[in-house]
Amino acid sequence: MCGFLFTYAKNNDLFKIREAERILSFRGTDSLNHYENHFLRCIHSRLSIRGGITASQPLVIDNHGLVFNGEIYNCSELSSFLGKSFEKDFYSSDTHLLFWGLKDKGEEFVKKIFGHFSFVFFKLHEKEFLAGRDSWGEKPLYLFKKNIDELSLASSPESLASWLNLDLSLDFAETFMQLGYVPQDVSIYPFVEEVPSSSIISFKNGKLYKKEFISDYKDINENTFECLKSSVKLQSSDLKDVSISLSGGVDSSLIAAILKKDTSVNLNAINVFSSKDKSSIIENKLAKKTSKNLGLKFFSYDFESNFKKENFLQIQSKLYSPIGDPSLYLQDIVFSKAKNFSKVIFSGIGADELFTGYPRHKIFYLKIYYPKLYKILHKIAKFIRPLNFNDLNTFSKNLDIFSTAFTSSYPSLAKANTINTESLIFKTIEDLLVFDRKNQLKNQLIMTTDQISLIHGVEVRSPYLSKSLEFLADGLDFRKKINFRNTKLILREYLSIYNLGFLISQPKRGFSVNLDNFPSKENLFSSK
């Protein structure tokens, strides 16, 4: 929802300043402000959700300053922790709340936040700061640390590279070719590193310190469903008009139901489908039926007629690092339509990694609990490998437990081209889920969602990304998550509460972008 550059590397070159502004501006289109003194400079671009003009940044009071990107949901609880009133003492602004919380409580305040954030809290007349990033890594933060005099932090690596005259490093290329994304521990610019999620960085007396923090925030609900509802309510409490990316699947349908039935928001449902994909057409019909049952305003868009060459070029110019995932072009259409209704859109991101949702989870389940059947299907999978892609697609629809076995999300783990790669590494389904959360979810899904949404000036909120919910999900018996037929069993049970029982037995479908329909390189860069 915002972007910032904080740096001790002073540069008065007007061109550099304007270039930094340009790079940051897509992260926030409502305001752009600066603060500088004789040894530091801050630039902040803002997408305003709440707080009005009082929440403008950089926020400078007395001897301290703050640049902040994100949203804090448990503001009333945190205000009470400080012995204050959120409305009266902090002007209903989470920026002011964070400022005074960091000033009075420091690192302990960070641990109690439920929200998504990255920030730098700094002293104006001394080289001293405290910086942090949320537990899920929903908001980006990058650090340049070649030398103490040029220490810098920013919401995008490009702003650091431009400001500090850094050339692109090609060390990440091999990792990208294996994974399809660039993980947190791999840098695309020299001396620039992505700050890991759940991190606190402090600089004092000429020394830089890094540590991991463990969130102290605990939802009072010990029931999974009530905890999810609490997360939805907290994330929507400051909103009037919101949208939801409604796929027609379990995850987003359940969030839509809670928003409609248990909050007072005005909810619009947005569905993007492909008229050339049968699975996508089915999910479009399910999304439409879900919207009708819940009484939602439903807006449907065909990918084939809405995706243009301009979309492709715009996305590629904004991404911080390359991502080999065509589904981001679907997100682009969703967010471009959502901005017509609200600045905030809800998403079902995270449910698959908490409660099982991918075909590979079914494969792993079969490996452990139905080994004989697994061996038979494994032999079939080996037999059909030489078939062409279209035949493989046809086979996968009839045997959907193998629908992603041939295009693993982790090519680096599948070099042997065997269907049981994951089972060689993980002992339990919980191990696989933890791995998915640390890798695909944080490195790819969350990062992509953040960047693509801000191209269109909208903020994404994901109620499944709750540490309290993660704790409860990890404590569930795996049989409440997965069986031979389906995944996310416990979430499916909750659907019946909202008259959405027709979704309970539906398999996970989704649809992929047909790369054959993408613009060829010959016409993609033409002037026509």
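Rules of the game
- Residues take numbers from 1 onward in each chain, read along the sequence in its written order.
- Note on the predicted model: pLDDT of at least 70 is required for a residue's local features to be given, and 80 or more for side-chain atom pairs to be given and counted; whole-chain, interface and lining totals, by contrast, use all residues.
- To get the side-chain values, take all heavy atoms of the structure and skip hydrogens and water.
- A helix here means a DSSP run of H or I that spans at least four residues, while a strand means a run of E at least two residues long, and both kinds are numbered starting from the N terminus.
- How far a helix is expected to stretch is found by multiplying one less than its residue total by 1.5 Å.
- Whether a residue is buried, partly exposed or exposed follows from its accessible area with a 1.4 Å probe, protein chains only, as a fraction of its type maximum: under 20%, in between, or over 50%, in that order.
- Any two strands are treated as partners once DSSP identifies two or more bridges connecting them.
- Axis geometry follows a simple rule: fit a line to the C-alpha atoms, using only the stretch in contact for helices, then measure angles between N-to-C directions, giving values from 0 to 180 degrees.
- Contacts are residue-level and defined by heavy atoms, with any inter-residue pair within 4.5 Å sufficient.
- A residue's bend is simply the angle between two axes: one fitted to the seven residues ending at it, one to the seven starting at it.
- By definition, no residue in a patch forms a salt bridge, and every one has over 30% relative accessible area; like charges are joined within 9 Å, nonpolar side chains (Val, Leu, Ile, Met, Phe, Trp, Tyr) within 5 Å.
- All accessibility values rest on the Shrake-Rupley procedure with a 1.4 Å probe; residue burial counts only the protein chains present in the view.
- Note on definitions: salt bridges are taken to be side-chain nitrogens of Lys or Arg within 4 Å of carboxyl oxygens of Asp or Glu.
- This count recognises Lys and Arg as positive and Asp and Glu as negative, with His and chain-terminal groups excluded.
- By convention, the point assigned to a charge is CZ for Arg, NZ for Lys, CD for Glu and CG for Asp.
- Just so you know how the angles are binned, under 35 degrees is roughly parallel, over 145 roughly antiparallel, 65 to 115 roughly perpendicular, and the rest oblique.
- Left-handed describes a crossing in which the near helix is turned anticlockwise from the far one by less than a right angle; the clockwise case is right-handed.
- Residue type decides the class: Asp, Glu, Lys and Arg count as charged, Ala, Val, Leu, Ile, Met, Phe, Trp, Tyr, Cys and Pro as nonpolar, and the leftover types, Gly among them, as polar.
- Counting of polar contacts relies on pairs of N or O atoms within 3.5 Å, with two restrictions inside protein: one atom must be capable of donating a hydrogen and the other of accepting it, and residues adjacent in sequence are counted only when both atoms are side-chain atoms.

Looking at helix H4 (residues 94–105)
Here H4 contains 12 residues, and its C-alpha end-to-end distance of 15 Å stays within 8% of the 16 Å for a straight helix at 1.5 Å per residue. If you check which residues of H4 are buried, you get Asp94, Thr95, His96, Leu97, Leu98, Phe99, Gly101 and Leu102.

What about the sheet that holds strand E9 (residues 152–154)?
Spatially, the six strands line up as an open sheet ordered E2-E3-E1-E9-E8-E10, and their pairing is antiparallel. At either margin of the open sheet sits one strand with a lone partner, and together these are strand E2 (31–36) and strand E10 (192–194). Mean inter-strand twist for the sheet, computed between neighbouring axes without regard to direction, equals 15 degrees. Note: strand E1 (residues 2–7) against E9, three bridges, orientation antiparallel. In the sheet register, Thr7 faces E9, and the bridge partner there is Ser152. Seen against the sheet, helix H1 (residues 14–25) touches E1, E2 and strand E3 (41–46) and runs at an angle of roughly 35 degrees to E3.

A word on helix H18 (residues 429–455)
Look at H18: 36 Å from first C-alpha to last across 27 residues, which is about the 39 Å you get at 1.5 Å a residue. Of all bends in H18, the biggest is about 50 degrees, found at Leu441. The element H18 is largely enclosed, with a buried count of 20 among its 27 residues. Looking at the residues trailing H18, positive phi occurs at Gly457, about 70 degrees.

Here we look at a positive patch on the surface
Taken together, the side chains of Lys367, Lys372, Lys375 and Lys379 present a region of like positive charge at the surface. Element by element, the count of residues in the positive patch is highest for helix H16 (residues 371–384), at three residues. The topology assignment puts Lys375 in helix H16. The exposure class of Lys375 is exposed, given its relative accessible area of 56%.

Focus on a nonpolar patch on the surface
On the surface, a nonpolar cluster with roughly 580 Å² of combined accessible area is contributed by Ile368, Tyr369, Tyr370, Leu373, Ile376, Ile380 and Phe484. Within the residue set of the nonpolar patch, elements represented by two or more residues are helix H15 (359–369) and H16. Locating Leu373 in the fold gives a position in helix H16. A relative accessible area of 32% places Leu373 in the partly exposed class.

Here we look at the packing of H15 against H18
The N-to-C vectors of H15 and H18 enclose an angle of 155 degrees; their axes lie 10 Å apart at closest approach. With respect to their mutual orientation, H15 and H18 come out roughly antiparallel. Handedness of the crossing formed by H15 with H18: right-handed. In this structure, H15 contributes Arg360, His361 and Phe364 to the contact, and H18 contributes Ile429, Leu432, Leu433, Asp436 and Gln440. Here the contact of H15 with H18 is composed, by residue class, of four nonpolar, two polar and two charged.

Details of the environment of Gly132
With respect to the secondary-structure elements, Gly132 resides in strand E7 (residues 129–133). Counting along the chain gives 12 residues from Gly132 to Val120, while the straight-line C-alpha distance between them is 6.9 Å. Each residue touching Gly132, except ones within four places of it in the same chain, is listed here: Phe117, Ser118, Phe119, Leu141, Ser199 and Ile200.

Re the sheet that holds strand E4 (residues 59–61)
Whenever strands of a sheet pair, they do so through backbone hydrogen bonds, lying parallel or antiparallel. Spatial strand order, E4-E5-E6-E7-E11-E12: six strands in an open sheet with antiparallel pairing. Edge positions in the open sheet fall to E4 and strand E12 (207–212), since each of these has one partner strand only. Taken over all neighbouring pairs, the strand axes of this sheet differ in orientation by 15 degrees on average, direction set aside. Of the pairings in the sheet, the one linking strand E5 (residues 64–72) to strand E6 (residues 115–123) comprises nine bridges and is antiparallel in character. The partner of Glu71 across the bridge, within E6, is His116. Against the sheet, H4 engages E4, E5, E6 and E7, with an angle of about 125 degrees to E5.

Points about the pattern of salt bridges
In total, this model carries 25 salt bridges according to the counting rule given. Salt-bridge contacts for Glu126 lead to Lys123; the nearest nitrogen and oxygen are separated by 3.8 Å. For Glu126, a relative accessible area of 39% gives the class partly exposed. Residue Asp238 pairs with Arg461 through a salt bridge whose shortest N-O separation is 3.1 Å. Of the two residues, Asp238 is situated in the loop between helix H8 (224–236) and strand E13 (241–245) and Arg461 in strand E17 (residues 459–461); the sequence distance between them amounts to 223 residues. Classification of Asp238 as partly exposed rests on a relative accessible area of 25%. Residues joined by salt bridges that share partners form a network here, namely Glu71, Asp238, Glu459 and Arg461.

Points about the side chain of Ser118
Here Ser118 is to be found in strand E6. The class of Ser118 is buried, set by a relative accessible area of 0%. Here the side chain of Ser118 touches Pro140 through a polar contact of 3.1 Å, landing on its backbone oxygen. Once you skip the residues sitting within four places of it in the chain, Ser118 turns out to touch Phe4, Val67, Phe68, Asn69, Gly132, Arg133, Lys139, Pro140 and Leu141.

Some details on unusual backbone geometry
Here the residue pair Gln57 and Pro58 is connected by a cis peptide bond, since its omega of 0 degrees sits within 30 degrees of zero. A positive phi angle, near 55 degrees, is found at Asn165, a position not held by glycine. Structurally, the position occupied by Asn165 is in the loop between helix H6 (157–164) and helix H7 (173–179). Asn165 gets classed as exposed once you look at its relative accessible area, which sits at 54%. Despite not being glycine, Asn205 shows a phi value in the positive range, around 55 degrees. Looking at the element boundaries, Asn205 is found in the loop between strand E11 (199–204) and E12.

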